[in-house]
Amino acid sequence: MTKDAKQRGPGKIKSSVLRWLGVPIGLTDEAFWAAWSGGGSSAGKTVNQRTVLQLSAAMACVRLLAQVIATLPVGFFERKPDGTRVSANRHPLYEILHNQPNADMTAVQFWEVVMVSLLLWGNAYAEKTVSSGRLVNLEFLQPQRMAVRRLPTGELEYRYSGADGRQRAIPEERMWHIRGFSTDGTMGISSIQAGAQVFGAAMAADEASSKVFANGMSVGGVLTTDQILTDKNRTTFRENMQAEFAGAMNAGKTMLLEAGMKYQQVPMNPEDAQLLATRAFNVEEICRWFGVPPFMVGHAEKSTSWGTGIEQQMIGFLTFSLAPWLRRIEQSIRKDLMAPAERARYFAEFAVEGLLRADSAARASFYSTMVQNGIYSRDDCRERENLPRKGGKAAELTVQSNLLPIDMLGSNTGDQQARSALMAWLQSDDGKTT
């Protein structure tokens, strides 16, 4: 260390190496350095959040999950004593979770960075701002700047390095900490560190394939002759071949060979074929790591086993990929953002119905069955289709009148009900037309 550096101290070094997004970082910021250095892999590649997102499959998986969840509306509801629920859009949490968590972010932006933090670091943090006993703001905190430790009292202390490079301690009651998949319940597992081998192998395969294209000796074919060419003849022949047959404009031309030359096509060597297979396998490995079906990130080499049709595939994606994250966030909202007295009355829920509206015929059949069996009213169906409620008879539950208990078949009561249903139909417009 230079004399000047010693005078400034290790915590004050502001060289370009010690800057993160333009903010000075001290040597004591262990959370930052752990995220920066990432994890080593057997392939010799350094794995961190920057290098992981340079993999197209990893970027596609993270972007897919983050953007889909970020664009799902977060509803806030009140549970009534009779078991029904109504929208609690006047509750302060509704405005924060549904529209704007803080002054700098919309709800979509906030949930997007929260999901990216969970997918890469396994943890997401937001500092709560409370005014007059009411939550008014959720400020997103970068997970690579956070260090968490448990105090002797049993509480968790969060130490965060701010934009000015200073560390400050944040008490547990002011922190919203969403944990991903965990083995201890305190901290989520970082995908960057736990998946270093998978991501490192994929990086090495990408680098190897790039070097093959840049410096490889791969050729499409060879020309052979029994004669010995002079250096001048070789140079002239190469120039003529380059001018006459190289490039897309010269594709399909007929080659004229002389002096007993023969052309032989060179097939792909096993090493190159194995490299391509390795890269395809790495896509599946990365998708498996993030819990995303490969066909949803453009890897259509193998057909999906999640059924046929868009609706079945979306149900599988919702059940196995999105639902665990959605339930995790919803329960974290209840635990950390609501007062104990509110938890039995209010709850937050992501609206996922829009993901299942691809099959209109199946949706219409479902509504018809629910209405005919008295489970949904017609207004219930209209509400699920984002249509205004009509009220009156449309809000009543109805059943088919020709459905009778088995023990009433042949009885006078059953015959009377059947006749009444027939007369009602004959007096209707459909009956008169018939």
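Heads up: the structure comes first, above all this text.
These notes cover the structure that comes with them. As the structure is a computational prediction, the values presented were derived from the model and not from experiment. Numbers given for residues are sequential positions, taken from 1 along each chain in its written order. Local features are withheld for residues below a pLDDT of 70 in this predicted model, meaning they are given only at 70 or higher, and side-chain atom pairs are given and counted only at 80 or more; totals for whole chains, interfaces and linings count all residues. In computing side-chain values, all of the structure's heavy atoms are included and hydrogens and water are not.

A look at the pattern of salt bridges
Convention followed: The salt bridge criterion pairs a side-chain nitrogen of Lys or Arg with a carboxyl oxygen of Asp or Glu, the two atoms within 4 Å. The numbering of helices and of strands both runs from the N terminus, where a helix is a DSSP run of H or I of at least 4 residues and a strand a run of E of at least 2. When a residue's accessible area, from a 1.4 Å probe over protein chains only, is under 20% of the maximum for its type it is buried; when over 50% it is exposed; and in between it is partly exposed.
Under the criterion given, the structure shown has 12 salt bridges. Linking K80 and E78 is a salt bridge whose minimum nitrogen-to-oxygen distance equals 3.8 Å. In this structure, E78 and R345 form a salt bridge, with 2.8 Å as the shortest nitrogen-oxygen distance. Separated by 267 residues along the polypeptide, E78 in strand β5 (residues 74-79) and R345 in the loop between α11 (310-336) and β15 (346-350) bring together distant segments of the chain. Relative accessible area serves as the criterion here: at 13%, E78 is assigned to the buried category. On the basis of relative accessibility, which here comes to 41%, the residue R345 falls in the partly exposed class. Here the salt bridges do not stand alone but share partners, grouping E78, K80 and R345 into one network.

What to know about the side chain of D336
Convention followed: Should any heavy atoms of two residues lie within 4.5 Å, those residues are considered in contact.
Examined against the element boundaries, D336 turns out to sit in helix α11. Judged by its relative accessible area of 16%, D336 falls in the buried class. D336 has contacts with K128, W176 and H177, leaving out every residue within four places of it along the chain.

Concerning the packing of aromatic side chains
Note the threshold: Planes of paired rings set the category: under 30 degrees apart is stacked, over 60 is edge-to-face and the rest tilted, where pairs are Phe, Tyr or Trp rings (Trp by its six-membered ring) whose centres lie within 6.5 Å. Charge-over-ring placement is defined geometrically: NZ (Lys) or CZ (Arg) within 6 Å of the ring centre, and within 35 degrees of the ring normal.
Following the criterion strictly, the structure yields 11 aromatic pairs and no others. On the basis of an interplanar angle of 40° and a centroid distance of 5.9 Å, the ring pair of F199 and F290 is categorised as tilted. Placement of the pair is F199 in helix α8 (residues 196-215) and F290 in helix α10 (residues 270-290), with a sequence separation of 91 residues. Ring geometry for F366 and Y376: centres 5.9 Å apart, planes at 85°, overall edge-to-face. With F366 in helix α12 (residues 360-372) and Y376 in the loop between α12 and α13 (378-384), this pair connects stretches of sequence that are 10 residues apart. Taking the relative accessible area as the measure of exposure, Y376 reaches 16% and is therefore buried. A cation sits over an aromatic face here: R328 above W325, 5.7 Å from the ring centre.

Details of helix α4 (residues 56-70)
Heads up, the condition is: The span one expects for a helix is its residue count, reduced by one, times 1.5 Å.
Given a rise of 1.5 Å per residue, 15 residues ought to cover 21 Å, and the 21 Å separating the end C-alpha atoms of α4 matches this to within 8%. Among the 15 residues in α4, 11 count as buried, and that is most of the element. Along α4, the residues that are buried comprise A57, A58, A60, C61, V62, L64, L65, A66, V68, I69 and A70.

Details of the environment of L55
With respect to the helices and strands, the residue L55 is situated in the loop between α3 (49-52) and α4. When its relative accessible area of 4% is taken as the criterion, L55 is described as buried. Residues L55 and D206, spaced 151 residues apart in sequence, show a C-alpha to C-alpha distance of 8.4 Å.

Here we look at the pairing of strand β10 (residues 156-161)
One face of the sheet, then the other: side chains in a regular strand alternate in exactly this way. Note the threshold: A strand pair is defined by DSSP finding two or more bridges across the two strands.
For β10, the tally of buried residues reaches 5 of 6 residues, placing the bulk of the element in the interior. Two strands pair when backbone bridges link them, and strand β9 (residues 146-150) and β10 are joined in this way by 5 bridges, in the antiparallel orientation. Across the sheet, residue R150 finds its bridge partner in β10, namely L156. Linking β9 back to β10 in an antiparallel pair, the connection comprises 5 residues, with G154 at a positive phi of about 95°. The pairing of β10 with strand β11 (residues 167-170) spans 4 bridges and is classified as antiparallel. Each residue of the ladder has a partner; that of Y158, found in β11, is I170.

What to know about the sheet that holds strand β12 (residues 175-179)
Each strand in a sheet pairs with another by means of backbone hydrogen bonds, the pair being arranged parallel or else antiparallel. Filter applied, for reference: Fitted lines through C-alpha atoms give the axes, limited to the stretch in contact for helices. The angle between two N-to-C directions lies from 0 to 180 degrees.
Overall, antiparallel pairing links the 3 strands, which are arranged β8-β7-β12 in an open sheet. The open sheet has two free edges, formed respectively by β8 (134-141) and β12, since each of these has just one partner strand. Averaged over neighbouring strand pairs, the angle between their axes works out to 30° when direction is ignored. Looking at chain direction, strand β7 (residues 123-131) and β12 are connected through 5 bridges and run antiparallel. Looking at β12, one finds that E127 is bridged to M175. Where helix α6 (residues 107-120) meets the sheet, its contacts fall on β7, β8 and β12, and the angle it forms with β7 comes to roughly 140°.

Some words on the nonpolar core
Cut-off, in case you're wondering: What is meant by a nonpolar core is a set of buried Ala, Val, Leu, Ile, Met, Phe, Trp, Tyr and Cys residues, joined one to another through side-chain atoms within 4.5 Å.
L97, W111 and F290 are the most contacted members of the largest nonpolar core, which has 63 residues in total. Listed in part, the 8 residues of the second largest apolar core include Y125, L156, Y158 and I170.

A closer look at the environment of A204
Relative to the helices and strands, A204 is located in helix α8. Residue classification places A204 among the partly exposed positions, given a relative accessible area of 23%.

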